[in-house]
Amino acid sequence: MTRLKTEWVEYMIDGMDAYNQSLMQKIGVDLAGLAMRTFHMTQADFDRARACNKVAVVPITQGEGIIGSFSESVAAIVRSMGFCADVMPHTDVDGIYDGYQRGCNIFFFADDIRYLALNTKTNKASDNNYATALGFIEVLTALMEKHGKRIAKEKILQIGHGIVGREAVKILTSRGVDFDIYDKDQETLAELSCKKLQGPAQIRDYRYILDFTNEGGWLKDAYLADAILYASPGVPYSMDQAAEARFEDKAVHDNLEIGTAIMLGEALQI
């Protein structure tokens, strides 16, 4: 996963109500609703899951160490979905033992390489790279539906073919979605059979965009059509200030929330 910075996540600790309200306005569901939609769970299913599962967030010191406010932010996201979640007082293996002692069965933890959720009742694991790709595809699908469009009937542009982007290609392909792709590193696209854009100026030809890049401010307002629907987990945000202001109401972007919500939803699956 991208190495996050404290200032990119600490707002979540007290900001989840506002975040969920904004998401609801844009796509018609909040994080809990997005997880239910993605995994075809009924409200009754989700309510039972809330009652039967307890979440531990375990700080991990491996590699470059703990990102300030990361664990607290993950717990805030999970709590905003109605689940009991606590940050463990100790780190690493000792923190896992803390969770076991408290009766937790779903564990969230991340090192420099991987961010994972693990359900010890079901042995179900969810990796953030896959969950983030899945979540933002579902977000774009919902965003398009709110504007009277179906993802199965439209051409999609995927930007970025890194770790999360490769997961997205697999999901889009498995769903039969018609998509083209752009990455500034053309070599990463060599094995793909879909149309490959030659440069960012061609992005203007597309209205429905999934962006999995993580370079801040490179996506200029001039590269974008007059009307787009856009979903991106990229950290930092790809859009420059002019593009961000122009498409604020028709773009969904966050640093951690959607990927974490989908990880929880996947961890609940049998």
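Calculation criteria
For every chain, the first residue of the written sequence is number 1, and numbering continues from 1 along that sequence. In keeping with the model being predicted, local features are shown solely for residues with a pLDDT of at least 70 and side-chain atom pairs are shown and tallied solely at 80 or more, while totals for entire chains, interfaces and linings include all residues. Water and hydrogen atoms were dropped before computing side-chain values, which therefore reflect all heavy atoms in the structure. Under the scheme used here, helices are H or I runs from DSSP no shorter than 4 residues and strands are E runs no shorter than 2 residues, and both carry numbers assigned from the N terminus. Computation of the radius of gyration draws on C-alpha atoms, with the globule rule given as 2.2 Å multiplied by the number of residues to the power 0.38. For each residue, the accessible area found with a 1.4 Å probe, counting protein chains only, is set against the maximum for its type, and the residue is called buried under 20%, exposed over 50%, and partly exposed in between. In what follows, residue pairs with any heavy atoms lying within 4.5 Å of each other are defined as contacts. Each accessible area is a Shrake-Rupley result for a 1.4 Å probe, and residues are judged covered by the shown protein chains and nothing else. We define a salt bridge as a side-chain nitrogen of Lys or Arg found within 4 Å of a carboxyl oxygen belonging to Asp or Glu. A helix is expected to reach a length of 1.5 Å times the quantity of its residues less one.

Draft legend 1. Summary view of the overall build of the chain. Helix and strand counts for the chain come out as 10 helices and 10 strands. In summary, the chain has a C-alpha radius of gyration of 18 Å against a globular reference of 18 Å for 270 residues, a match within 12%. With respect to the principal axes defined by its C-alpha atoms, the chain has extents near 55 × 40 × 35 Å. A total of 270 residues make up the chain; the buried ones form 53% of that total. Sequence-distant contacts in the chain: of pairs separated by 6 or more residues, those separated by 24 or more amount to 59%. Per element, the accessible surface of the chain, about 12,200 Å² overall, is 49% carbon and sulfur.

Draft legend 2. Inspection of the pattern of salt bridges at higher detail. Summed over the entire model, instances satisfying the criterion amount to 13 salt bridges. We note a salt bridge from Asp86 to Arg79, for which the minimum N-O separation is 3.9 Å. On the basis of relative accessible area, Asp86 is assigned to the partly exposed category, the value being 27%. The partly exposed category is assigned to Arg79, whose relative accessible area is 42%. The salt bridge involving Asp226 is made with Arg246; its shortest N-O contact spans 3.9 Å. Taken together, the positions of Asp226 in the loop between β8 (208-211) and β9 (229-232) and Arg246 in helix α9 (residues 241-246) put the pair 20 residues apart, joining distant regions of the chain.

Draft legend 3. Main features of helix α8 (residues 163-174). With 12 residues, α8 extends 17 Å from end C-alpha to end C-alpha; this agrees with the ideal 16 Å at 1.5 Å per step. Downstream of α8 by one or two residues, Gly176 has phi in the positive range, about 70 degrees.

Honestly, that's just the spatial picture; any functional story needs more than this.
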